[in-house]
Amino acid sequence: MKKTKAPANEPTIIERHNTLFTQIEAAKTADDVRELVEAVKGFIVSYKSVDKAMTKRIYEKLLNKVNDMVAENEFIYQRINTRLEEATNRAYDFSGEKDDSPAVQSKMLQLMSQMPKVINANNLNRINKTLNDSINSGVIGSKAVLELLKYPAYAGSISATIRERAFNGSKSAAEHAFDRLKETERKKVEQALASAYLQGYRLRNSQKRLVSFKKPTVWNPDGQMVTE
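Model, not experiment: these values are computed from the prediction.

Asks: Explain the overall build of the chain to me, please; I cannot follow it from the model alone.
Replies: Helix and strand counts for the chain come out as 9 helices and 0 strands. Ordered by position in the sequence, the α and β elements of the chain form the string α-α-α-α-α-α-α-α-α. In the chain, which comprises 228 residues, the share counted as buried stands at 32%. Contacts spanning at least 24 positions in sequence make up 72% of the contacts within the chain whose residues lie at least 6 apart. Summing over all exposed atoms, the chain offers an accessible surface of approximately 14,500 Å²; the carbon and sulfur share of this is 53%.

See the structure below:
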């Protein structure tokens, strides 16, 4: 090893090595790694001709750290993605709901009796008012409108907007509360997934930069650092 004396107030190669070693151990984020890549690159450029073993050791320390962080990030990303799928696919449990099918059938028959005998463009306003009034009456009325969709004679006269209103109106207060909680959880998990993806993207970029250090122009075939 070549002997060099650090200028006054300048850290020695050992001090810089030990500082980098400690910082690598403490690294937790992609930003930490990005800064360390530059610091290690500077260390290698400054000391690769002074102590090949020391520069190689600090390089491999950082590379192993980044590889571990990339693997951990991939594991975390998959776990969060599974949570998102579970949150998205979670369905409301209707077992606790009261059976209102008789009331819905009765309301549907009432609606049928109120609908025009001939359905055409001239009486669409009347049809829409009848359907909207039923939806506005509450859950039973909304479910009755949805039941009409099962009958071809009426399905064509029910617009997409009314179908959506009937679908929302057919939900109980408990189901609406469930939907709100589900949406809140889904958004929270989506944010966590996006954060994990961004961390992974940055870590992989740093990983690629580190791997590019070890090229024939920089490393000997035996893995020892040489001066460019």
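Asks: I keep staring at the layout of surface pockets and nothing clicks. Help me out?
Replies: Over the atoms, a rolled probe matching the size of one water molecule traces out where space is still vacant. Taken as a whole, the largest pocket encloses approximately 230 Å³ of empty space. Here the lining of the largest pocket is composed, by residue class, of 5 nonpolar, 2 polar and 6 charged.

Asks: Hey, could you run me through a nonpolar patch on the surface in this one?
Replies: A contiguous nonpolar patch, built from Y197, L198 and Y201 and spanning about 310 Å² of accessible area, is present on the exposed surface. By the secondary structure assignment, Y197 is in helix α9 (residues 173-213).

Asks: I keep staring at the nonpolar core and nothing clicks. Help me out?
Replies: Nonpolar side chains tend to gather and get buried jointly when the protein is soluble and globular. Among the nonpolar cores identified, the biggest contains 24 residues, and V40, F43, L62 and L210 are the most heavily contacted of them. Elements with a contribution of two residues or more to this core: α1 (13-26), α2 (30-47), α3 (52-89) and α9. Setting aside residues no more than four positions away along its own chain, V40 makes contact with L20, I24, I58, Y59 and L62. Membership of the second largest hydrophobic core comes to 14 residues, among which are I127, L131, I135 and V145.

Asks: Looking at this model, I keep getting lost on the packing of α1 against α2. Mind explaining?
Replies: A pair of packed helices is captured by two measures, namely the crossing angle of their axes and the spacing between those axes. At a closest axis distance of 11 Å, the pairing of α1 and α2 adopts a crossing angle of 155 degrees. The angle between α1 and α2 falls in the class roughly antiparallel. Remark: the crossing between α1 and α2 carries left-handed chirality. Touching I13, R16, H17, L20, Q23 and I24 of α1 are L36, A39, V40, G42, F43, S46 and Y47, all from α2. Of the residues contributing to the contact of α1 with α2, the split by class is 8 nonpolar, 4 polar and 1 charged.

Asks: Got a minute to help me understand the environment of L124 in this structure?
Replies: Looking at the element boundaries, L124 is found in helix α5 (residues 124-136). In sequence terms L124 and S157 are 33 residues apart; their C-alpha atoms lie 7.5 Å from each other.

Asks: Where do I start with the side chain of N123 in this structure?
Replies: Of note, N123 is situated in the loop between α4 (101-114) and α5. In this structure, N123 is in contact with P116 and V118, ignoring residues within four places of it in sequence.

Asks: Can you walk me through the packing of aromatic side chains in this structure?
Replies: Centre distance and the angle of the planes are the two values used to describe a pair of aromatic rings. Under the counting rule described, the total for this entry stands at 4 aromatic pairs. Summarising the aromatic geometry, the rings of Y77 and Y197 are spaced 6.4 Å apart at their centres and angled 55 degrees between planes, so their arrangement reads as tilted. Note that Y77 is positioned in helix α3 and Y197 in helix α9, a separation of 120 residues in sequence. The exposure class of Y197 is partly exposed, given its relative accessible area of 46%. Seen from their ring centres, Y92 and F94 are 4.9 Å apart, and the 90 degrees between their planes marks the pair as edge-to-face.

Asks: Is there a simple way to think about the environment of Q105 in this case?
Replies: Mapped onto the secondary structure, Q105 falls in helix α4. Q105 gets classed as partly exposed once you look at its relative accessible area, which sits at 35%. For the pair formed by Q105 and E147, sequence separation is 42 residues and the distance between their alpha carbons is 8.0 Å. Of note is the side chain of Q105, whose polar atom sits 3.4 Å from the side chain of E147.

Asks: How should I be thinking about the side chain of N73 in this particular structure?
Replies: With respect to the helices, strands and loops of the structure, N73 is situated in helix α3. Once you skip the residues sitting within four places of it in the chain, N73 turns out to touch A196, Q199, G200, L203 and R204.

Asks: Sorry if this is basic, but what is going on with α3 here?
Replies: Along an α-helix, residues three or four apart share an orientation, since each turn contains 3.6 residues. For α3, spanning 38 residues, the distance from its first C-alpha to its last is 55 Å, which sits close to the expected 56 Å at 1.5 Å a residue. With a side-chain oxygen lying 3.2 Å from the backbone nitrogen of A53, the N-terminal cap of α3 falls on D51.

Reading the values: rules and limits
- Residues numbered from 1 in each chain as written.
- Predicted model: local features only at pLDDT ≥ 70, side-chain atom pairs only at ≥ 80, totals over all residues.
- Heavy atoms only, no water.
- Helix = DSSP H or I, 4+ residues; strand = E, 2+ residues; numbered from the N terminus.
- Buried < 20%, exposed > 50% of the residue type's maximum accessible area, 1.4 Å probe, protein only.
- Contact = heavy atoms within 4.5 Å.
- Areas by Shrake-Rupley, 256 points an atom, 1.4 Å probe, with all protein chains shown as cover.
- 1 Å grid on protein atoms, 1.4 Å probe; cavity = no way out; pocket = protein on both sides within 12 Å on 5 of 7 lines; lining within 4 Å.
- Points joined across faces, edges and corners; volume = space filled by probe spheres on them.
- Nonpolar A, V, L, I, M, F, W, Y, C, P; charged D, E, K, R; others polar.
- Patch = residues over 30% accessible without salt bridge, like charges linked within 9 Å, V, L, I, M, F, W, Y side chains within 5 Å.
- Salt bridge = Lys/Arg side-chain N within 4 Å of Asp/Glu carboxyl O.
- Core = buried A, V, L, I, M, F, W, Y, C linked by side-chain atoms within 4.5 Å.
- Axes fitted to C-alpha atoms, helices over the stretch in contact; angles between N-to-C directions.
- Parallel < 35°, antiparallel > 145°, perpendicular 65-115°, else oblique.
- Left-handed = near helix turned anticlockwise from the far one by under 90°.
- Phe/Tyr/Trp six-rings, centres within 6.5 Å; stacked < 30°, edge-to-face > 60°.
- Polar contact = N/O pair within 3.5 Å; in protein donor to acceptor, adjacent residues only side chain to side chain.
- Expected span 1.5 Å × (residues − 1).

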